[in-house]
2 protein chains.
Amino acid sequence: MASCAFVSKLSQVTGRFCSKASCPTRTTVRALTCTATRAQLHKVEGTSALAGKVDRFGGVTVNLADAGLPADISEGAFSRLLQDCLVQWKAEGKVAVWLRVPISLSRCAAAASTHGFTFHHAKHDHAVLALWMGRGESRLPGFATHQVGVAGAVVDESTGKVLVVQDRNKTKNAWKFPGGLSDPGENIGATAVREVFEETGVRSEFRSLLSIRQQHNHPGAFGISDMYIICRLSPLTYDINFCTQECLRCEWLDLARLTTTKDTTPITSRIAKLLLHGLEQGFDKIDLTMEELPAVYSGMFYQLYHRQLLKS
Amino acid sequence: MASCAFVSKLSQVTGRFCSKASCPTRTTVRALTCTATRAQLHKVEGTSALAGKVDRFGGVTVNLADAGLPADISEGAFSRLLQDCLVQWKAEGKVAVWLRVPISLSRCAAAASTHGFTFHHAKHDHAVLALWMGRGESRLPGFATHQVGVAGAVVDESTGKVLVVQDRNKTKNAWKFPGGLSDPGENIGATAVREVFEETGVRSEFRSLLSIRQQHNHPGAFGISDMYIICRLSPLTYDINFCTQECLRCEWLDLARLTTTKDTTPITSRIAKLLLHGLEQGFDKIDLTMEELPAVYSGMFYQLYHRQLLKS
């Protein structure tokens, strides 16, 4: 159901022109033998307009990259097109509309916002906007809320020492375990091993998860939340070759000394005590070990970390 | 350093007109006694153009909502303005540019993309775009990568039973612990308690963290990763009043039975075994308890989950 303005815009694109001087109703436009633009009209009108995929929750998703829109469609024209589709989707009882907008068509996001759409998320070359049309409070699923960081405590059981670093960029010179943010799609253990290597030059392998820290409104992290996970690793090599851009110092430090020194952070101190206990009483007392399992429905693998039960 | 086209655009907005028929250089425009538009020019030219905040990493952040741009600035005009600013920022050695774009000015995002900007993230009413200008691989921090879900296992120590539900929306009727996604800013324990109450009507309180599941490319979650955390809770009330929209059934089930039944998921089965061990040998054998601590630099609180050491 395209308005006349949109028809003429479209015909400017196609080079044909609907010569009715007046076009009293949208239905009339559709019924006219405006053959030149009929194919395009049909593509953008009625049930094919902004064709979307319907999901099992009663929502519809439209990818503007595939919608056959002219690359230079104006905000006004898109707004009118969207309005017509919204009327139809509401009549069909759709509870939500998702609009995937390629960055080059970002002006359509502005147009959509006048109809109540807001940003759901955006990555690289596209944004996704959403509109809740169901009853009551929005039941739209949120997006990612946390970044994940991982620290690795490499314990040399033969010497009772643990690999620690002092951060170059902080004012206080505190001993900490090397660590950093996970890359997208990277497993916890892989992050720990990678960050240890990048910061210290030491190769290691994952043994267990020890502790998790959760913090909201993480400073300097765009108001998102932070999950920081501390792991226990075993060394595969021992020579230190630390990254001078990130670290001021890097050493194998006596675990016992790390539990008592003031030159460390509260977390590092607590984990050091835990590790010392593990060193003395057995790491099975403190470890959460990893098990890889297939997901029930998708068959895709996930990693489960939990205390391992002793056979009894 | 606005081009003539931008000056005339701006003067259309302000109602004044620079009458130089030709304007050979940008410097000349700035030097002209075009007093009417000088204030606006100064605001958009030179070092004040798109005034941004510089951060300690050598990046500059510009909020287009505060940049004094005309609300109807065209993509072309913004593109030229941005181009001039980029030249200046590069000359100043800035390594990154962050553009905060209110949704109504989304066409500026399209213009920015032609200069290499990509979406970093977007939420509600604005998007943030970023451009790496430093040497080598981008060192821009990423955005949130994980959603966080929490399940709560409410164990009634007096009866050896645990509160479980069967999901209405799944095809397989498996006993599971009630749970769901954390709200933004919500702590793990709070999510567990809330979800248990919403699904079952039972009030409970957080005791410990037991297990974590990590999965990437979570189906139906926009390609983001998923961290699912299972907690142990203690009941405060016992009467079940379950949410029929989400659950098919809800019961206090014998823990021992949950460890052997086939009508459950691999995770639930494993956690049930862990819980039974805790019931028999003491929950201190399996718990990661929570400690709240102030962050070293900001003083803001975070929550740390770890094995509690027995006094020895």
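Let me sum up the structure you'll find in this document. Keep in mind it's a predicted model, so treat the numbers as computed, not measured.

**What to know about the packing of aromatic side chains**
Scanning the model with the defined rule gives eight aromatic pairs over all chains in all. When the ring of A:Phe222 is compared with that of B:Phe143, the centres are 6.1 Å apart and the planes differ by 55°; the resulting orientation is tilted. In this pair, A:Phe222 is assigned in the loop between β10 (204-215) and β11 (225-235) and B:Phe143 in the loop between β5 (126-132) and β6 (146-156), connecting two distinct chains. Consider the rings of B:Tyr238 and B:Trp252, whose centres lie 6.0 Å apart with planes at 35°: the pair is tilted. In this pair, B:Tyr238 sits in the loop between β11 (225-235) and β12 (247-254) while B:Trp252 sits in strand β12, placing the two residues 14 residues apart along the sequence. Counting every residue linked through ring pairs, the aromatic cluster contains A:Trp98, A:Phe143 and B:Phe222. Over the aromatic face of A:Phe197 sits the side chain of A:Arg203, whose NZ or CZ is 4.1 Å from the ring centroid.

**Examining the sheet that holds strand β1 (residues 53-54) of chain A**
In a beta sheet, neighbouring strands are held together by backbone hydrogen bonds and run either parallel or antiparallel to one another. Residues and elements named next belong to chain A. Here we have five strands laid out as an open sheet, ordered β1-β2-β3-β5-β4, and mixed in their pairing. Of all strands in the sheet, those with a lone pairing partner are β1 and β4 (118-123), marking the two edges. In this sheet, strand β3 (residues 96-102) lies alongside strand β2 (residues 59-63) in parallel orientation, the contact comprising five bridges. By the bridge assignment for β3, Val60 is matched with Val97. This element, helix α4 (residues 75-91), spans β2, β3 and β5 (126-132) of the sheet and lies at about 155° to β3.

**A look at the relation of the copies chain A and chain B**
Once turned by 180° and shifted 0.0 Å along the axis, chain A lies on chain B with an RMSD of 0.1 Å. Interpreted geometrically, this transformation is the action of a two-fold axis. Among all residues of chain A, the minimum C-alpha distance to the rotation axis is found for A:Arg107, at 2.1 Å. Interface overlap between copies is the fraction of interface residues in one copy that are interface residues in the other; for chain A against chain B it reaches 98%, indicating a shared surface.

**A closer look at helix α8 (residues 266-281) of chain B**
Along its 16 residues, α8(B) runs 23 Å from first to last C-alpha, staying within 8% of the 22 Å computed at 1.5 Å per residue. Of the positions making up α8(B), those classed as buried are B:Ile267, B:Thr268, B:Ser269, B:Ile271, B:Ala272, B:Leu274, B:Leu275, B:Leu276, B:His277 and B:Gly278. The secondary structure elements touched by the buried residues of α8(B) are β14 (301-306) of chain A together with β6, β8 (175-176), β10 (204-215), β11 and α7 (255-260) of chain B. Two residues or fewer past α8(B), B:Gly282 is found with a positive phi of approximately 110°.

**Let's talk about the environment of A:Pro184**
Residue and element names in this part refer to chain A. One can find Pro184 in the loop between β9 (179-181) and α6 (188-200). A relative accessible area of 71% means that Pro184 is categorised as exposed. Sequence separation of Pro184 and Asn173 is 11 residues, and the distance between their C-alpha atoms is 30 Å.

**Things to note about the pairing of strand β4 (residues 118-123) of chain B**
Where β4(B) and β5(B) come together, five bridges link them in antiparallel fashion. Looking across to β5(B), one finds that B:Thr118 is bridged to B:Ala130.

**A look at the pattern of salt bridges**
Across all of its chains, the model carries 27 salt bridges over all chains by this definition. Here B:Arg107 ties to A:Glu75 by a salt bridge, and the two come within 2.8 Å at their closest N and O atoms. Taken together, the residues B:Arg107 in helix α5 (residues 107-113) and A:Glu75 in helix α4 connect one chain to another. A salt bridge links B:Glu195 to B:Arg194, with the nearest nitrogen and oxygen atoms 3.1 Å apart.

**Here's the deal with the nonpolar core**
Nonpolar side chains tend toward joint burial in soluble globular proteins. A:Leu50, A:Leu64, B:Leu50 and B:Leu64 are the most contacted members of the largest nonpolar core, which has 62 residues in total. Excluding its chain neighbours within four sequence positions, the residues that come into contact with A:Leu64 are A:Leu50, A:Leu69, A:Phe78, A:Leu99, A:Arg100, A:Val101, A:Pro102, A:Leu105 and A:Cys108. If you look at the next biggest cluster of nonpolar residues, it comprises 42 residues, including A:Leu163, B:Val148, B:Ile188 and B:Ile229.

**A closer look at the interface of chain A and chain B**
The interface is formed by 80 residues belonging to chain A together with 80 residues belonging to chain B. The junction of chain A with chain B conceals about 6700 Å² of combined surface from both sides, 65% of it contributed by carbon and sulfur atoms. Contact with chain B buries area across many residues of chain A, yet A:Phe119, A:Gln214 and A:Phe222 alone supply 11% of it, more than any other trio. Note that A:Arg270 is salt-bridged to B:Glu291, the shortest N-O span being 2.6 Å. There are 25 residue pairs in polar contact (both at pLDDT 80 or more) connecting chain A and chain B. For the side of chain A that touches chain B, the leading source of residues is β10(A), giving seven residues. With four bridges connecting them, β10(A) and strand β14 (residues 301-306) of chain B associate as antiparallel partners. Looking at β14(B), one finds that A:Gln214 is bridged to B:Gln303.

About the thresholds
- Residues numbered from 1 in each chain as written.
- Chains lettered and ligands numbered in written order.
- Predicted model: local features only at pLDDT ≥ 70, side-chain atom pairs only at ≥ 80, totals over all residues.
- Heavy atoms only, no water.
- Phe/Tyr/Trp six-rings, centres within 6.5 Å; stacked < 30°, edge-to-face > 60°.
- Helix = DSSP H or I, 4+ residues; strand = E, 2+ residues; numbered from the N terminus.
- Lys NZ or Arg CZ within 6 Å of the ring centre and 35° of its normal.
- Pairing = 2+ DSSP bridges.
- Contact = heavy atoms within 4.5 Å.
- Axes fitted to C-alpha atoms, helices over the stretch in contact; angles between N-to-C directions.
- Least-squares fit on C-alpha atoms with pLDDT ≥ 70 in both.
- Expected span 1.5 Å × (residues − 1).
- Buried < 20%, exposed > 50% of the residue type's maximum accessible area, 1.4 Å probe, protein only.
- Salt bridge = Lys/Arg side-chain N within 4 Å of Asp/Glu carboxyl O.
- Core = buried A, V, L, I, M, F, W, Y, C linked by side-chain atoms within 4.5 Å.
- Buried area = accessible area lost by both parts, 1.4 Å probe.
- Polar contact = N/O pair within 3.5 Å; in protein donor to acceptor, adjacent residues only side chain to side chain.

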